Amino acid sequence: MSRSMEKIVALCKRRGFIFQNSEIYGGQNGFWDYGPLGTELKRNVRDCWYRDMVSGHNELVAPKTAPAKYQMVGVETALIMNPQVWKCSGHYDLFHDMMVDCRESKSRFRLDQIRCRWVSFKDATVKQDDTGTELSKVMVTSTAEDFHEDMTSEALRVFGQKKKYADKLQWDGAATTLDKVDVSEFATVVAPGASKAGTLTAPREFNLMMKTIIGALGTDDDAAYLRPETAQGIFVNFKNVVDSSRVKLPFGICQVGKSFRNEITPRNFTFRSREFEQMEIEFFCRPDESAGWYKYWRDTRFQWYQDLGVSKDRLLLRDHHADELAHYSVGTADIEYAFPFLDAGEYGELEGVAHRGDFDLRSHMEGKLTKNAAGELEVELNEDGKPKHRGSGKDLTYFDDQAKERFLPHVIEPSAGADRATLAFICEAYHEDQQPDENGVLQERLVMKFHPRLAPVKAAVFPLIKKEGMPEKAAEIFGALKAAGLSCQFDQQGAIGRRYRRQDEIGTPYCITVDGDTLTDGTVTIRDRDSLQQDRIPADRIVEEVLSRLNS
RNA sequence: GCGGAUGUAGCUCAGUGGUAGAGCACCACGUUGCCAACGUGGCUGUCGAGGGUUCGACUCCCUUCAUCCGCUCCA
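Residues numbered from 1 in each chain as written. Chains lettered and ligands numbered in written order. Predicted model: local features only at pLDDT ≥ 70, side-chain atom pairs only at ≥ 80, totals over all residues. Heavy atoms only, no water.

Visitor: Go over the packing of helix 2 (residues 36-55) against helix 10 (residues 418-429), please, and point to the residues and values.
Guide: It is the contact of helix 2 with helix 10, at a shortest axis distance of 10 Å, that shows an interaxial angle of 115°. Classified by the angle their axes make, helix 2 and helix 10 are roughly perpendicular. Here helix 2 and helix 10 pass one another in a crossing that is right-handed. Seen from helix 2, the contacting residues are Leu41, Lys42 and Val45; seen from helix 10, they are Ala418, Asp419, Ala421, Thr422, Phe425 and Ile426. Along the lines of polarity and charge, the residues of the contact of helix 2 with helix 10 split into six nonpolar, one polar and two charged. (Axes fitted to C-alpha atoms, helices over the stretch in contact; angles between N-to-C directions. Helix = DSSP H or I, 4+ residues; strand = E, 2+ residues; numbered from the N terminus. Parallel < 35°, antiparallel > 145°, perpendicular 65-115°, else oblique. Left-handed = near helix turned anticlockwise from the far one by under 90°. Contact = heavy atoms within 4.5 Å. Nonpolar A, V, L, I, M, F, W, Y, C, P; charged D, E, K, R; others polar.)

Visitor: An account of the sheet that holds strand 28 (residues 488-490) is needed here, citing residue identities and associated values.
Guide: Here five strands make up an open sheet; going across it, the order is 28-27-29-30-31 and the pairing mixed. Here the strands that pair on one side only, and so sit at the sheet edges, are strand 28 and strand 31 (534-538). Going across the sheet, the axis of each strand differs from the next one's by a mean of 25°, ignoring polarity. Sheet topology places strand 27 (residues 459-463) next to strand 29 (residues 510-514); five bridges connect them, and they run parallel. By the bridge assignment, Phe462 is partnered in strand 29 with Thr513. Across the face of the sheet, helix 12 (residues 496-506) comes into contact with strand 27, strand 28, strand 29, strand 30 (523-528) and strand 31 while running at roughly 170° to strand 27. (Pairing = 2+ DSSP bridges.)

Visitor: Just give me the short version of the confidence of the model for chain A, but keep the residues and values in it.
Guide: In the predicted model, chain A carries a mean pLDDT of 85, and the fraction of residues at 70 or more is 92%. Prediction confidence for the complex, expressed as pTM and ipTM, is 0.84 and 0.82 respectively. (pLDDT = per-residue confidence, 0-100.)

Visitor: Explain the sheet that holds strand 11 (residues 189-190) to me, using residue names and the numbers behind them.
Guide: The sheet built from four strands is open, its strands ordered 10-6-9-11 with mixed pairing. Two strands close off the open sheet at either side, each with one partner strand: strand 10 (170-177) and strand 11. Looking at chain direction, strand 9 (residues 137-142) and strand 11 are connected through two bridges and run parallel. Note that in strand 11 the partner of Val140 across the bridge is Val190. Running at roughly 135° to strand 9, helix 5 (residues 147-158) makes contact with strand 6 (115-120), strand 9, strand 10 and strand 11 of the sheet.

Visitor: Summarise a nonpolar patch on the surface; cite the residues concerned and give the values.
Guide: A cluster of nonpolar side chains, Leu79, Ile80 and Ile214, forms an exposed patch at the surface whose accessible area comes to about 220 Å². By the secondary structure assignment, Ile80 is in the loop between strand 3 (71-74) and helix 3 (83-89). Since its relative accessible area comes to 34%, Ile80 is described here as partly exposed. (Patch = residues over 30% accessible without salt bridge, like charges linked within 9 Å, V, L, I, M, F, W, Y side chains within 5 Å. Areas by Shrake-Rupley, 256 points an atom, 1.4 Å probe, with all protein chains shown as cover. Salt bridge = Lys/Arg side-chain N within 4 Å of Asp/Glu carboxyl O. Buried < 20%, exposed > 50% of the residue type's maximum accessible area, 1.4 Å probe, protein only.)

Visitor: So, a positive patch on the surface: which residues are in play, and what are the values?
Guide: There is a patch of like positive charges on the surface, built from Lys122, Lys162, Lys164 and Lys168. In this fold, Lys162 is placed in the loop between helix 5 and strand 10. (Lys, Arg positive; Asp, Glu negative; His and termini not counted. Charge placed at Lys NZ, Arg CZ, Asp CG, Glu CD.)

Visitor: Can you explain the nonpolar core? Please cite residues and give values.
Guide: One broad rule of soluble globular proteins: the nonpolar side chains tend to lie buried together. Phe283, Trp293, Trp297, Trp304, Tyr305, Phe339 and Phe425 are the most contacted members of the largest nonpolar core, which totals 58 residues. The residues touching Phe339, leaving out its near neighbours within four places in the chain, are Phe271, Gly348, Leu350, Arg420, Leu423, Ala424 and Cys427. In this structure, Val100, Ala155, Val189 and Val190 belong to the second largest nonpolar core, which totals 30 residues. (Core = buried A, V, L, I, M, F, W, Y, C linked by side-chain atoms within 4.5 Å.)

Visitor: Can you explain helix 8 (residues 290-307)? Please cite residues and give values.
Guide: End to end, helix 8 covers 25 Å across 18 residues, agreeing with the expected 26 Å (1.5 Å per residue, within 8%). Turning to helix 8, its buried residues number three or more, namely Ser290, Trp293, Tyr294, Tyr296, Trp297, Arg298, Thr300, Arg301, Phe302, Trp304, Tyr305 and Gln306. Of the residues flanking the end of helix 8, it is Gly309, one or two places downstream, whose phi is positive at about 100°. (Expected span 1.5 Å × (residues − 1).)

Visitor: Give me the lowdown on the pairing of strand 6, citing residues and values where you can.
Guide: As paired elements, strand 6 and strand 9 share six bridges and run antiparallel to each other. Within strand 9, the residue paired with Val119 across the bridge is Val138. The sheet contact formed by strand 6 and strand 10 spans five bridges and is antiparallel. By the bridge assignment, Arg115 is partnered in strand 10 with Thr177.

Visitor: Which residues make up the side chain of Asn44, and what values go with them?
Guide: Assignment of secondary structure puts Asn44 in helix 2. Of note is the side chain of Asn44, whose polar atom sits 3.0 Å from the backbone oxygen of Leu454. With sequence-adjacent residues up to four places away left out, Asn44 is seen in contact with Arg453, Leu454, Ala455, Pro456 and Lys458. (Polar contact = N/O pair within 3.5 Å; in protein donor to acceptor, adjacent residues only side chain to side chain.)

Visitor: Explain the pattern of salt bridges to me, using residue names and the numbers behind them.
Guide: Inspection of every chain in the model, using the stated rule, returns 39 salt bridges. In this structure, Asp299 and Arg298 form a salt bridge, with 3.5 Å as the shortest nitrogen-oxygen distance. By relative accessible area, Asp299 is classed as partly exposed at 29%. Relative accessible area serves as the criterion here: at 14%, Arg298 is assigned to the buried category.

And the structure:
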């Protein structure tokens, strides 16, 4: 991790932004706790998002860049849902891969993606890993697209034969995939690239959804999953919201909440955690208008980070290439940030904005969808020709009473990570600069330049010295700010300069100091964190002054 | 999951098979009247956790947890 990131992590702990979870017991990999200041900061991130996207949105006026006016509403759905939700959404199949590891190459494979076939070559043999037995017939494997050719070269390689003898290989049976092969035969399987047979471990379920049990006598039949994303709670409530809230297309349903994924490698501080918070919008619109809305949300969300102080230099709006798109997606863009733990030129995802077509609503109507040979989505069938995962069968179409049409809306999904956004704001705020001390000599200063809307503490109040009634007057001002609902700190400890520095380090935008003049003319100074400029204003106007600066 | 490194006070780090240290931070009192480290005094540790070797382990060995780096993975 880069030196600057280490400093940021150290600051987060030292000042109470972010702690390692269960730290006194040695921690828990992939989980993090927010301390007093981090809690304030993250709540400000959530509040800004909800206010800017939902509660503060004026549905009577189309924003300048929007194709039309639209409505926004919120929901808060349970962390645990009927398991069928995940079967239809595709998460269940995708998140239940059987994996094997190769002990020799240290690489991991999905069992159903390894092609394999029995082969022998005259008198040549292949050594077996554990026992050292020489095997005359082994199963070769391939993960290549053109697996027939790849298996041929693998077979020649392990038998130590030249390319020209390819036609001397004796194949036995048809090529299949490794998930169809009994584990007892793994000792004869040569893993891709391996020099010996039998280097694969027994297959293990790799469950990326967190499993839990419902009911006190829970058995495996009562398994349920903590949601791996908040979006499905919105889709399954689509009909409820339409029926109960008088919303008309186009409109968005939003949700902020926790999600859980068994990340293989939690890494990079809070960036990849196993428990994390999402801020998601599912925006429903007419299919023929979806392209315009996709562009609108992409640009709107990109701008949001900049409005809260993230420099455009470290932000990237990256459109996915066609071959990078998920199978359901018509178009996807990532909003990415140049986190300090990444190499120069690399970016980490803050938010994905995806055009999902009607994939999600249709899945919950008809059942799990898959792409057919023609590239069209259709319900995935099992061996019996029945749907692999049956949908709800409920009609989730929308009736447009202006156009007198019934159709399945298309969806634009801006899906943001609250913890990732919080981390980006922390990284972005971190500054080391130099400011003159009382003798005019430059001194190092550590300052968190949070946008005032995000700052965990909005103002600090100091009596210049601890006597002559200054603490009492300062306490009065502190009380007034608190009564206005502002997060504030009171500090009379140590030299005034040190107190300013303490506040700089936690990103407090304004410091108010009661001094000798306050007692005679009733004015106090208000100091700006970034410019260090001080203005004298009447003490009884301090609340409105702070509020107006916060909102400017 | 694999390999390597690391784990000592709130932070940054010394340390030795024989009773645990420094600087900073923090707290109290004093001083100070607007940009940190002035004076005096004070607090702080199951040396990551568990087990073993030893008369004795922070130190040596094993296990485990966490963090960092590389590989793998990234829906």
